[in-house]
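Chains, contacts and geometry: an overview
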Amino acid sequence: MENLTLQELEQLSQAYVDCHLSRLQERELELVLISTPISSPVINEARALMDIAMQMDVNVSEDACRKNTRPRILKYTGIVAAIAVIVVCGIALLHTYGHLGKTHDVYVCVDGEVLSGHIAQSIVSETEEESMAMFRAIIEDSEVEQYLSTQYMNSIIE
């Protein structure tokens, strides 16, 4: 692939951009583009896509870089639409879950027997305390295991 003309390099570069080259051909083209000073928008675009412009320390023209061609109004419309969706979701969540701070009567049935709110709350509190004690025990056990593992690893290293 050495001694290629500008036209041939542009054709190969366009084939690279259009994904029409095999991996071997891509590697060969990459090597050629690294070693040649020939430049054009298509060649520079291929170089930019190959990320070899940095290796060559060449200033790639703006033509080689893909620009975002969306009009500015569409960008702002998208931003406004996203904000609107967030606001609507927030309002829906507030409407649905906004009553969380309010108290409600609670009826709990255990073995077919209706318990009052105070008894149900005490059962929940006891269960929560038991669960938290189990979590603390698990954390303590894991800390001990971590300490022992660290000691063992240190003894192996020494």
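You'll find the structure just up there.
As the structure is a prediction and not an experimental result, all values here were calculated from the model.

**Here we look at the overall build of the chain**
From N to C terminus, the chain includes six helices and two strands. Along its sequence from the N terminus, the chain presents helices and strands in the succession α-α-α-α-α-β-β-α. When burial is assessed residue by residue, the chain has 15% of its 158 residues classed as buried. Of the contacts formed within the chain by residues at least 6 apart in sequence, a portion of 36% connects residues at least 24 apart. As displayed, the chain offers around 13,100 Å² of accessible surface, 59% of which is attributable to carbon and sulfur atoms.

**Re the environment of asparagine 3**
If you trace the backbone, asparagine 3 turns up in the segment before helix H1 (6-17). For the pair asparagine 3 and valine 32, spaced 29 residues apart in sequence, the C-alpha separation works out to 9.1 Å.

Here is what the cut-offs are and how they apply
Residues numbered from 1 in each chain as written. Predicted model: local features only at pLDDT ≥ 70, side-chain atom pairs only at ≥ 80, totals over all residues. Heavy atoms only, no water. Helix = DSSP H or I, 4+ residues; strand = E, 2+ residues; numbered from the N terminus. Buried < 20%, exposed > 50% of the residue type's maximum accessible area, 1.4 Å probe, protein only. Contact = heavy atoms within 4.5 Å. Areas by Shrake-Rupley, 256 points an atom, 1.4 Å probe, with all protein chains shown as cover.

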